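So the chains spell out like this:
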Amino acid sequence: MADKSPEPPKARFRGTRWPGMIWAVPVAAAGIVIWLGLEAVAKRGPEVTVDFPTSGGLKPGSTAVKYRGVTVGHVDAVRLTKTLNTMKVSMRFMSDMKGHLGRGTSFWIAGRKVSFGNLASLKTIIAGPYIGVEPHAGKLARHFTGLTHAPVLHSGAKGEMLRIVAAHPGNLSRGAGIYFNHFKIGQVVDVAMRPDGRHFEISAFIHRAHENLVSTRSRFWNAGGVSVSTGGAGPKLELQSIPALVSGAIGVETPPGGGHPDKGTIYRLYSGRAAALSAPGPHAVPYRVILAGGPHGLKSGAKVTLEGADAGVVTHVAMRFDPDAGKLVTRVDLALEPHDLPLAAPHRWHLADPAPQMNAMLATLIGQGLRARMDRATPVIGAQTIALDLVKHAPAATLGTGTVPEIPSTTATSVKAIMAQVSEILANVHDATSRIAAVSRSPRTRRTLERLDRTITHVDAITRTTSAQLPQLLASLRQSMHAADAALRSVHGLVAQQGTAANAPESESLPRALYELTRAARSLRELTDYLSGHPNAIIFGKGR
């Protein structure tokens, strides 16, 4: 009988509370995802929406939001409004921007144009535009309205705002620099037309470090173009900077003696540096001059000189017809600058009210022959100016009374002054010939003197005909000079040791008379030589 083997034990399944090791991988992956999600939520910054005028170039997910060149966010979405005139741009910022997107934060679309003041903007032509942001601390504001232009000044910029009025701003634009001695001290914040349409108002910002360079006496001018100045070294080309040719620039210079400007101070923008520096200052004294005829190119801003030295500037020119006199006259308003007319020590100008001192000085000089006339800074091609010069034998005159005193003028031109000199020479020659005729009895001497007298009479007639053409005048003067020389040689022959006049008993005073005659002829010859080399003196006078 065979033995029965025992049955093997039956296996029993016993569960465990822990999953198998294979689940470690998905669990770890899930943990990583959860951790990254939590980190993303923790680092996720604020979201805002900004309204901009509709324009292209913004791409969701790629267009950056930058603060001073540093990326602080990205554009999430761009949606057009129902009117299609504006678009809503949603932006998501980094967590670092929390607390910096309060009310007052500025947004603008940058990189659309190349700025010659910042050549780094060239790369945006390839990379495309971006959103610029100027943060403002405070509680988060979800909705903003974007700016049409980038702000000129960064938040927190410290300095002083100035108001400048211009008849024409030229090529000035927002962001244009303000330069003092070719060093940038500020910039133009805005340029706007006034309601009258005739003037522009410029808002200018001066950085706090340079506020001391601007006072109530500061002069501003448009320095954005190319100017040509003349001086002792010849013509000179002046250019503020290359960017100034596009965006414009303002130059400023501050004469001494001014105070700190207040909020109500309004400055004027002049067309150029010369016009700005020659403009009347706060201490200038106004006067008036009435000239015969038209202005002949005289304009506001022209120089006023006193005996050749700068003394002031013309402020207004107006021509009118005088029915009583039946002729045209030009009224010229001018301002004389005390700073250009220093007084001898120990005298000083009372700048609080310099008018009484200026009036007293002019009254004294007018008594000595001071008169106003129109002149040219450079003969033929120079600009018209007003010259205050001392005129010999001027008729008596006084300084006019009234709110604006009138300085007497002279109608005598430079050519008349030249002709007066010629007439004086001829008078001396006439006197000499008369004296010679009185002391000489020689028929030969009388004939020679009569010929000389006729020659001088001919020259005298020429000097009275100032309207004759210049070539004819010079030819006549030259012919008369040769005739006078010939006559003098004849007279010298007479008074020689073998001459007739030398042997005459009445010839004692003859050498003295001939000496005076020789001097007169020499003066006449010098005048003729000068007119030959400077024919424009007949019209514009002898240059200084």
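If you're wondering where the values come from, they're calculated on a predicted model, not measured in any experiment.

**Overview of the overall build of the protein**
Next, step 1: Counting its regular elements, the protein contains eleven helices and 22 strands.
Next, step 2: Contacts in the protein between residues far apart in sequence, at least 24 positions, make up 66% of those at least 6 positions apart.
Next, step 3: Surface summary for the protein: the accessible area is close to 32,900 Å², and the carbon and sulfur share equals 57%.

**Side note on the confidence of the model for the protein**
Next, step 1: Averaged over every residue, the pLDDT of the protein is 77; residues scoring 70 or more account for 64%.
Next, step 2: For residues 495-508, every residue scores under 50 in pLDDT, and the model assigns this stretch 21 contacts once sequence neighbours within four places are set aside.

**Side note on the packing of aromatic side chains**
Next, step 1: For the coordinates displayed, the defined rule picks out three aromatic pairs.
Next, step 2: Between Phe107 and Phe144, the aromatic rings sit 5.1 Å apart at their centres with planes inclined by 55°, giving tilted as the arrangement. Taken as a pair, Phe107 in strand β5 (residues 106-110) and Phe144 in strand β7 (residues 143-145) lie far apart in primary sequence, 37 residues in all.
Next, step 3: Taken together, a centroid distance of 5.0 Å and an interplanar angle of 65° make the contact between Phe220 and Tyr267 edge-to-face. A residue pair is termed long-range when its members are at least 10 positions apart, and Phe220 in strand β12 (residues 219-222) and Tyr267 in strand β16 (residues 266-270) qualify at 47 residues.

**Quick notes on the sheet that holds strand β4 (residues 86-94)**
Next, step 1: Across the sheet, which stays open at both edges, the seven strands sit in the order β5-β6-β2-β3-β4-β1-β7 with mixed pairing between neighbours. Edge positions in the sheet fall to β5 and β7, since each has one partner strand and no second. Within this sheet the neighbouring strands show an average axis-to-axis angle of 30°, counted without direction.

**Regarding unusual backbone geometry**
Next, step 1: For the peptide bond that leads from Ala345 to Pro346, omega is 5°, which places it in the cis range.
Next, step 2: Note that Pro346 resides in the loop between β20 (327-336) and α5 (355-367).
Next, step 3: Phi at Asn181 takes a positive value of approximately 55°, unusual for a residue other than glycine.
Next, step 4: By the element assignment, Asn181 lies in the loop between β9 (177-180) and β10 (183-193).
Next, step 5: A positive phi is found at His393, a non-glycine position, where the angle reads about 60°.

**Describing the sheet that holds β9**
Next, step 1: Here seven strands make up a closed barrel; going around it, the order is β8-β11-β10-β9-β15-β12-β16 and the pairing mixed. Going from strand to strand, the sheet's axes swing by 35° on average, the running direction of each strand aside.
Next, step 2: Where strand β8 (residues 159-166) and β16 come together, three bridges link them in parallel fashion. For Ile164, the partnering residue across the bridge sits in β16 and is Tyr267.

**Brief notes about the side chain of Thr330**
Next, step 1: Tracing the sequence through the fold places Thr330 in strand β20.
Next, step 2: Of note is the side chain of Thr330, whose polar atom sits 2.6 Å from the backbone oxygen of Gly293.

**Concerning a nonpolar patch on the surface**
Next, step 1: Residues Ile32, Trp35 and Leu36 make up a contiguous nonpolar surface patch of roughly 330 Å² in combined accessible area.
Next, step 2: Topologically, Trp35 is positioned in helix α1 (residues 24-43).
Next, step 3: We classify Trp35 as exposed; its relative accessible area is 52%.

**Re the environment of Gly301**
Next, step 1: Following the sequence through the fold, Gly301 ends up in the loop between β17 (285-292) and β18 (303-306).
Next, step 2: Taking the C-alpha atoms as reference points, Gly301 and Ser278, separated by 23 residues in sequence, lie 7.3 Å from one another.

**What about the environment of Lys184?**
Next, step 1: On the secondary structure map, Lys184 appears in strand β10.
Next, step 2: What makes Lys184 partly exposed here is its relative accessible area of 40%.
Next, step 3: Taking C-alpha positions, Lys184 is 9.6 Å from Ile250, a pair spaced 66 residues apart along the chain.
Next, step 4: For Lys184, the contacting residues outside a window of four places in its chain are Gly177, Ile178, Tyr179 and His210.

**Side note on α5**
Next, step 1: Its 13 residues place the ends of α5 18 Å apart at the C-alpha level, agreeing with the 18 Å of an ideal helix rising 1.5 Å per residue.
Next, step 2: Where α5 terminates, the next one or two residues include Gly369, which has phi positive at roughly 110°.

**Overview of the pattern of salt bridges**
Where side chains of opposite charge bring their charged atoms close, a pairing between them can arise.
Next, step 1: The final tally for this structure, using the stated rule, is twelve salt bridges.
Next, step 2: Measuring nitrogen to oxygen at the nearest pair gives 3.2 Å for the salt bridge that ties Asp333 to Arg288. Here Asp333, found in strand β20, pairs with Arg288, found in strand β17; they are 45 residues apart in sequence, far enough to count as distant.
Next, step 3: As a salt-bridge pair, Asp333 and Arg331 come within 3.4 Å of each other at their nearest N and O atoms.
Next, step 4: Assessed through its relative accessible area of 23%, Arg331 is described here as partly exposed.

What counts and how
- Residues numbered from 1 in each chain as written.
- Predicted model: local features only at pLDDT ≥ 70, side-chain atom pairs only at ≥ 80, totals over all residues.
- Heavy atoms only, no water.
- Helix = DSSP H or I, 4+ residues; strand = E, 2+ residues; numbered from the N terminus.
- Contact = heavy atoms within 4.5 Å.
- Areas by Shrake-Rupley, 256 points an atom, 1.4 Å probe, with all protein chains shown as cover.
- pLDDT = per-residue confidence, 0-100.
- Phe/Tyr/Trp six-rings, centres within 6.5 Å; stacked < 30°, edge-to-face > 60°.
- Pairing = 2+ DSSP bridges.
- Axes fitted to C-alpha atoms, helices over the stretch in contact; angles between N-to-C directions.
- Polar contact = N/O pair within 3.5 Å; in protein donor to acceptor, adjacent residues only side chain to side chain.
- Patch = residues over 30% accessible without salt bridge, like charges linked within 9 Å, V, L, I, M, F, W, Y side chains within 5 Å.
- Salt bridge = Lys/Arg side-chain N within 4 Å of Asp/Glu carboxyl O.
- Buried < 20%, exposed > 50% of the residue type's maximum accessible area, 1.4 Å probe, protein only.
- Expected span 1.5 Å × (residues − 1).

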